Amino acid sequence: MHSERASLGLQIAAIGGLLFLHLPILLIFLYAFTVEERTYQFPPPGLTTEWFAVAWNRADIWPPLYLSLKVAAVSTVLALVLGTLVAGAMARSRFFGREQISLLIILPIALPGVITGMSLRSAFAIMEIPFSVWTIILGHATFCIVIVYNNAVARMRRLSGGLMEASADLGANAFQTFRYVLLPNLGSALLAGCMLAFALSFDEVIVTTFTAGQQSTLPIWMLNELVRPRQRPVTNVVAIVVFAVTFVPILLAYYLTRGGSETAGGGK
Amino acid sequence: MSAVLASRGLGDRLTGLFWRRPNLLLLLLISPPLIWLGLVYLGSLAALLVQSFYSIDEFSGVVVPEFTLRTYAELFNPANMDIIIRTLLMSASVTVGCAVLAFPIAYYAARFARGHWKAAFYLGVMLPLWSSYLVKVYAWKLILAKEGIIGWAAGATGTTPILEAVLAIPGIGGNSLSTSFLGTWMVFVYVWLPYMILPMQASLERVPVSMLEASADLGATRGQTFRTVTLPLALPGVIAGSIFTFSLTMGDYIIPQIIGTSARFIGQAVFQLQGTAGNIPLAAAFAVVPILIMLVYLALARRAGAFDAL
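Here the residue index of a chain counts from 1 through its sequence in written order. Here chains are named by letter from A upward and ligands by number from 1 upward, in the order in which they appear as written. It should be noted that, the model being predicted, local features are given only for residues of pLDDT at least 70 and side-chain atom pairs only at 80 or more, the latter also being counted only at that level, while totals for whole chains, interfaces and linings use all residues. Each side-chain value is derived from all of the structure's non-hydrogen atoms; neither hydrogens nor water enter the calculation.

**Notes on the packing of helix H5 (residues 116–130) of chain B against helix H9 (residues 181–205) of chain B**
What counts is decided by this rule: Orientation is described by lines fitted to C-alpha atoms, with helices fitted over the stretch in contact, and by angles between N-to-C directions that extend from 0 to 180 degrees. Helix and strand definitions here come from DSSP, where helices need a minimum of 4 consecutive H or I residues and strands a minimum of 2 consecutive E residues; each element is numbered from the N-terminal end. Contacts are assigned to residue pairs that have any heavy atoms within 4.5 Å of one another.
Look at H5(B) against H9(B): their axes get within 9 Å of each other, and the N-to-C directions meet at 145 degrees. Of H9(B), the residues touching H5(B) (which contributes B:Lys118, B:Tyr122, B:Val125, B:Pro128 and B:Leu129) are B:Pro194, B:Tyr195, B:Ile197, B:Leu198 and B:Glu205.

Printed below as a string of structure tokens:
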């Protein structure tokens, strides 16, 4: 076994790189407690917890929060159904056009969001579809399919085919095999996929700005606050909420699929 | 099998059918997602292409639904070419920045991290990758503001003149870091860095240790082994990562809007043209530019074997 140790320079560069990835987010937390509401002065001149109460009482935050939760929930369910179906088809069989289909699935997140957004916007313009919750969901579900698909297909490939043959030999029909053999084995991978899809949808802003019209999801609300700040620490409080709502599912997804070759989150 | 056992109902009869005709099951599974992706996504992409061949009536501002290349010709106006070239330069420099910063992290995680450290590195890269994009951008607005932490740190360590000298560089400098190209570049590098680390790490992990040993046995120093064995084998991973950093930078319009100068990037042009300006054909034509560039980029990457590293 090759057992050399990393040089000090490499260790410092690697650990420094990891810190670089994490420290900026901690600042968000710090600034939620500052007493200074008009600038981003560092260090904060004083600390207070009043902004959490102020944010709670701001009436303009709640409707975007509800809308974001609703969009993320519906998109996740749609992506769960569609992603699992396509994973079931792609996991074992070889057929004509398979490569093209796998390209089609990843295209919505492989191409820049501005293209997905602008494409949907063009389609709505041509077909004269008015903006609604459903125009947002249409976009979100499309790029969430690949997240569920990735998780499901990796787990299906790992499952031994003999398992399903054994189930059939023991007299189970296709639906019983799905219910009693496939689903229990697939469950945690699907749950992980759902959580990642939820986190992705809840946080999405680039495609959403093209498909939302005048509606405001929580990320769009935050974007407006970033461009025209009002009470800056309130934006920080909302940022913490957005961070928590995406962070917890991601962590859960990691623990659900840890140890396998297909640990969730490898590709966004 | 339905021939052997007595059928117990619809479920069994369908199972028998699927057994005799596996393609029927495949078709049933794949049609709903295909119809969705085909209609919603490919349909929209087609709509984008169609719109980009329309033009806008200069006097009434109404979209004229007739085939014309005039909208594409508008892309070659000096002002629009500026936007495209600026975006390409930014994408290229962000990609280089990400590659340089990502390499030590990926290299360490792939070759030296074991056990708990390995998990820590994996989570340490994956959590920033997935955590909220807007929150990350917002964090940098706090950091780069004139009165923010970098200005404070420069003042505390007496390096304010250096910061001011950097900001005085024409082209990339500005009034403060949060209103300069340098600031835009830093935020881009930060936000897309995890997308570079993961494929890089994956390809580094696939470099067989036996090859490194063989190289050492043949008398190569660590530096020579690194340059002639590790780097060439890791290159597909770097290219795979560059696909993400390049494409994501090219299509982003939030970061330059929040941090940077008033000079526009492709994404901003698309957003403003379809929104306030109401010029959907030109916005669509602008959106086709990144698609074409990425197609060329992907073709080159495929030649370099980057897809095996994905």
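**Notes on the domain arrangement of chain B**
Note the following rule: Start and end positions for the domains come from either an automated domain assignment or a database one.
Domain parsing of chain B yields domain 1 (1–37) and domain 2 (73–309). One C-alpha centre belongs to domain 1 of chain B, the other to domain 2 of chain B, and the line joining them spans 47 Å.

**Considerations on the interface of chain B and chain A**
Worth spelling out the cut-off: Put simply, buried area is the surface a 1.4 Å probe can reach on two separate parts but cannot reach once they are joined, added for both. A pair is scored as a salt bridge if a Lys or Arg side-chain nitrogen falls within 4 Å of a carboxyl oxygen belonging to Asp or Glu. Polar contact criterion, stated in full: a pair of N or O atoms within 3.5 Å, where within protein one must be able to donate a hydrogen and the other to accept it, and residues adjacent in sequence count only if both atoms are side-chain atoms.
Taken together, the contacts link 89 residues of chain B with 96 residues of chain A. Taking both partners together, chain B and chain A bury about 8400 Å²; carbon and sulfur atoms supply 78% of that area. Contact with chain A buries area across many residues of chain B, yet B:Tyr41, B:Trp130 and B:Tyr138 alone supply 11% of it, more than any other trio. Scanning the region where chain B abuts chain A turns up 0 salt bridges. Connecting chain B to chain A are 13 residue pairs in polar contact (both at pLDDT 80 or more).

**Regarding the packing of helix H10 (residues 218–227) of chain A against helix H6 (residues 133–144) of chain B**
So the rule is basically this: When an angle is under 35 degrees it counts as roughly parallel; over 145 it counts as roughly antiparallel; between 65 and 115 it counts as roughly perpendicular; any other value is oblique. Left-handed describes a crossing in which the near helix is turned anticlockwise from the far one by less than a right angle; the clockwise case is right-handed. Any residue that is not Ala, Val, Leu, Ile, Met, Phe, Trp, Tyr, Cys, Pro, Asp, Glu, Lys or Arg is counted as polar, Gly included; the first ten are nonpolar and the last four charged.
Relative orientation of the contacting elements H10(A) and H6(B) amounts to 15 degrees, with a least axis distance of 11 Å. By the angle between their axes, H10(A) is roughly parallel relative to H6(B). Where H10(A) crosses over H6(B), the two elements pack in a sense that is left-handed. On the side of H10(A), the interface is formed by A:Pro219, A:Met222, A:Leu223 and A:Leu226, while H6(B) contributes B:Leu134, B:Val135, B:Tyr138 and B:Lys141. Residues of the contact of H10(A) with H6(B), tallied by class, amount to 7 nonpolar, no polar and 1 charged.

**Observations regarding unusual backbone geometry**
One can expect most non-glycine residues to show negative phi and most peptide bonds to be in trans. Of note, A:Glu128 is a non-glycine position whose phi angle comes to about 55 degrees, a positive value. Relative to the elements of secondary structure, A:Glu128 occurs in the loop between helix H5 (113–127) and helix H6 (133–158).

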